[in-house]
Amino acid sequence: MLDLADDLRRWLAEEREFAVATVVSVGGSAPRGPGAALAVDRDGTVIGSVSGGCVEGAVYDLCVEALADGRARTERFGYSDEDAFAVGLTCGGTIEVLVTPVGAGSPVRPVLESALTHLSGGGPGALAWVTDGPADLLGRALLVRPDGTYEGGLGGAAELDRAAAAAARGLLDAGRTGTVTVGPGADAYCAGRPALFVQSSVPPPRMIVFGAIDFAAALVRVGKFLGHHVTVCDARPVFATRARFPEADEVVVDWPHRYLRTTRTDARTVLCVLTHDAKFDVPLLEVALGLPVAYVGAMGSRRTHTDRLRRLREAGVGERALSRLRSPIGLDLGARTPEETALSIAAEIVAARHGGTGAPLTTTSAPIHREGRTAPAAA
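Residues numbered from 1 in each chain as written. Predicted model: local features only at pLDDT ≥ 70, side-chain atom pairs only at ≥ 80, totals over all residues. Heavy atoms only, no water.

The protein appears in an unreviewed UniProt entry as Xanthine dehydrogenase accessory factor from Streptomyces albogriseolus.

Right under this line is the structure:
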């Protein structure tokens with residue numbers, strides 16, 4: 001939904017009434033992921049997309065119906081063996097869509113306005129929608145901030161709102177978007193335990209590239225394309241310059257291991273060590289392999305890798321930590337140029353994030369998008 005933030009904020013300022021359809025769950029090869037949204041106003045104007053075209057017409061009709069009767073609703077769309085071109089997803093997946101009317105007096109309207117202003121402005125937080133449970137709660141929303149404060153409510157007891165905010169904050173703390181069931185305290189306040197779709201908005205994940213070499217310049221471009229906040233770090237001021245890395249968010253002149261000890265990292269951070277010089281990368285990897293980051297890769301030949309492992313063991317790095325090191329860095333694409341090498345590294349980062357094998361899809365038979373494989377994130 002945040003992709004539509006500017007348009008939706010304008011609609012709110014113009015006091016338009018509209019309905020928003022949001023993808024709250026997917027299965028199999030769905031064309032768009034959770035959080036994708038489509039909105040329709042009273043005049044029939046449409047913005048956004050939930051499926052890339054497969055079910056847009058049916059979702060449009062649901063939005064019109066929601067505006068007419070003022071009720072939220074959910075609908076599941078999937079592949080139909082009887083008629084692959086009927087309303088459904090011909091790609092073979094399924095999506096569940098929540099449709100919420102945002103009328104002039106809707107209790108959701110002020111929450112949505114606050115959320116769009118806060119989240120689109122770069123503030124961290126999560127927008128949580130009730131997608132299942134008692135009918136009177138469906139479509140209710142909360143804006144939850146990292147400190148646990150929240151706006152909006154589910155229209156019931158304060159205890160239920162607090163339980164919902166705590167559940168949403170759990171996903172926000174991990175930077176994840178997904179569904180969570182409110183409980184156990186909710187049982188005392190409603191017949192069913194409501195399910196929430198939580199769309200988290202957090203700063204982009206960091207990519208820190210150590211080694212101001214030509215391969216680093218290509219990796220910076222690919223990292224930015226993938227949505228990372230990219231930092232280049234090198235101890236040599238003549239190489240670590242803004243002129244050489246204009247697309248990087250930061251260029252830092254410092255000893256890599258010293259910088260890594262003091263900078264912010266989290267479970268989404270990827271560390272790419274391109275120095276392939278023992279005096280830089282051994283002390284750096286000692287620090288890196290002790291951090292709970294998403295990915296640690298190091299460039300170098302197999303001979304360099306063997307020597308690097310020996311030095312790290314001598315420095316006291318254990319086998320469990322060494323098993324996290326991806327070296328030589330990247331997937332086997334036969335890469336030669338800096339750009340091809342950057343693509344190889346990026347492909348391995350994506351595979352690590354989602355639990356992919358890196359094997360050609362033509363040689364595998366498992367579903368392309370397998371549920372439950374996503375590594376801790378988060379977009």
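Per the secondary structure count, the protein includes ten helices and 16 strands. Split into buried and exposed, the 379 residues of the protein put 45% on the buried side. With an accessible surface of roughly 17700 Å², the protein has 52% of that area assigned to carbon and sulfur atoms. (Helix = DSSP H or I, 4+ residues; strand = E, 2+ residues; numbered from the N terminus. Buried < 20%, exposed > 50% of the residue type's maximum accessible area, 1.4 Å probe, protein only. Areas by Shrake-Rupley, 256 points an atom, 1.4 Å probe, with all protein chains shown as cover.)

So, about the pattern of salt bridges. Taken as a whole, this structure holds 25 salt bridges when the rule is applied. One salt bridge in this structure joins Asp-277 and Lys-279, with 2.7 Å as the shortest N-O distance. In this structure, Arg-311 engages Asp-307 in a salt bridge whose closest nitrogen and oxygen atoms are separated by 2.8 Å. In this pair, Arg-311 and Asp-307 both sit in helix 8 (residues 302-314), four residues apart, roughly one turn of the helix. What makes Arg-311 partly exposed here is its relative accessible area of 34%. Connected through shared salt-bridge partners, Asp-7, Arg-10, Glu-14, Arg-16 and Asp-41 make up one network. (Salt bridge = Lys/Arg side-chain N within 4 Å of Asp/Glu carboxyl O.)

Turning to the packing of helix 1 (residues 5-13) against helix 3 (residues 108-120), a few remarks are in order. Put simply, helix 1 and helix 3 touch, their axes get as near as 10 Å, and they point 140° apart. When the axes of helix 1 and helix 3 are compared, the pair comes out oblique. Note on packing geometry: the crossing formed by helix 1 with helix 3 is left-handed. Touching Ala-5, Leu-8, Arg-9, Trp-11 and Leu-12 of helix 1 are Arg-109, Glu-113, Leu-116, Thr-117 and Ser-120, all from helix 3. Classifying every residue of the contact of helix 1 with helix 3 by side-chain character gives five nonpolar, two polar and three charged. (Axes fitted to C-alpha atoms, helices over the stretch in contact; angles between N-to-C directions. Parallel < 35°, antiparallel > 145°, perpendicular 65-115°, else oblique. Left-handed = near helix turned anticlockwise from the far one by under 90°. Contact = heavy atoms within 4.5 Å. Nonpolar A, V, L, I, M, F, W, Y, C, P; charged D, E, K, R; others polar.)

Quick look at the confidence of the model for the protein now. Across the protein, pLDDT averages 86, with 88% of residues at or above 70. Mean pLDDT across the elements of the protein ranges from a minimum in helix 4 (residues 158-173), with 87, to a maximum in strand 14 (residues 270-273), with 98. Contacts from residues 81-87, a stretch scored under 50 in pLDDT, to residues over four places away or in other chains number seven contacts. The model gives residues 371-379 a pLDDT under 50, and that stretch makes 27 contacts with residues more than four places away or in other chains. (pLDDT = per-residue confidence, 0-100.)

Right, let's talk about the nonpolar core for a bit. Grouped together as the largest cluster of nonpolar side chains are 25 residues, with contacts concentrated most on Met-1, Leu-8, Phe-18, Val-20, Leu-112, Leu-127 and Trp-129. Listing elements by their share of this core, those giving two or more residues are helix 1, strand 1 (18-27), strand 2 (37-41), strand 5 (94-102), helix 3, strand 6 (125-132) and strand 7 (141-144). In terms of residues, this core owes the most to one element, helix 3, which gives six residues. In contact with Trp-129, not counting residues within four places along its chain, are Met-1, Leu-98, Thr-100, Val-108, Leu-112, Gly-139, Arg-140, Ala-141, Ala-195, Leu-196 and Phe-197. (Core = buried A, V, L, I, M, F, W, Y, C linked by side-chain atoms within 4.5 Å.)

Moving on, we come to a nonpolar patch on the surface. Together, Phe-225, Leu-226 and Val-350 make up a nonpolar patch on the protein surface, roughly 290 Å² of accessible area in all. Positionally, Phe-225 belongs in helix 5 (residues 214-225). (Patch = residues over 30% accessible without salt bridge, like charges linked within 9 Å, V, L, I, M, F, W, Y side chains within 5 Å.)

Before going further, it helps to spend a moment on the packing of aromatic side chains. A complete count under the given rule lists two aromatic pairs for this structure. For the ring pair Trp-255 and Phe-280, a centre distance of 5.1 Å and an interplane angle of 40° mean the geometry is tilted. On the criterion of sequence distance, the pair formed by Trp-255 in the loop between strand 13 (250-253) and helix 6 (256-262) and Phe-280 in helix 7 (residues 278-288) is long-range, its members being 25 residues apart. For Trp-255, a relative accessible area of 36% puts it in the partly exposed group. In this structure Phe-280 comes out as buried when scored by relative accessible area, which is 8%. (Phe/Tyr/Trp six-rings, centres within 6.5 Å; stacked < 30°, edge-to-face > 60°.)

Residue placement: Thr-100 occurs in strand 5. Sequence-distant contacts of Thr-100, defined by excluding residues within four places in its chain, comprise Phe-18, Ala-19, Val-20, Ala-72, Val-108, Trp-129 and Gly-139.

Pairing within the open sheet is parallel, and its six strands lie in the order 13-12-11-14-15-16. Only two strands of the sheet have a single neighbouring strand rather than two, namely strand 13 and strand 16 (325-326). The sheet contact formed by strand 11 (residues 206-210) and strand 14 spans four bridges and is parallel. Its bridge partner lying in strand 14, Met-207 is registered against Val-270. (Pairing = 2+ DSSP bridges.)

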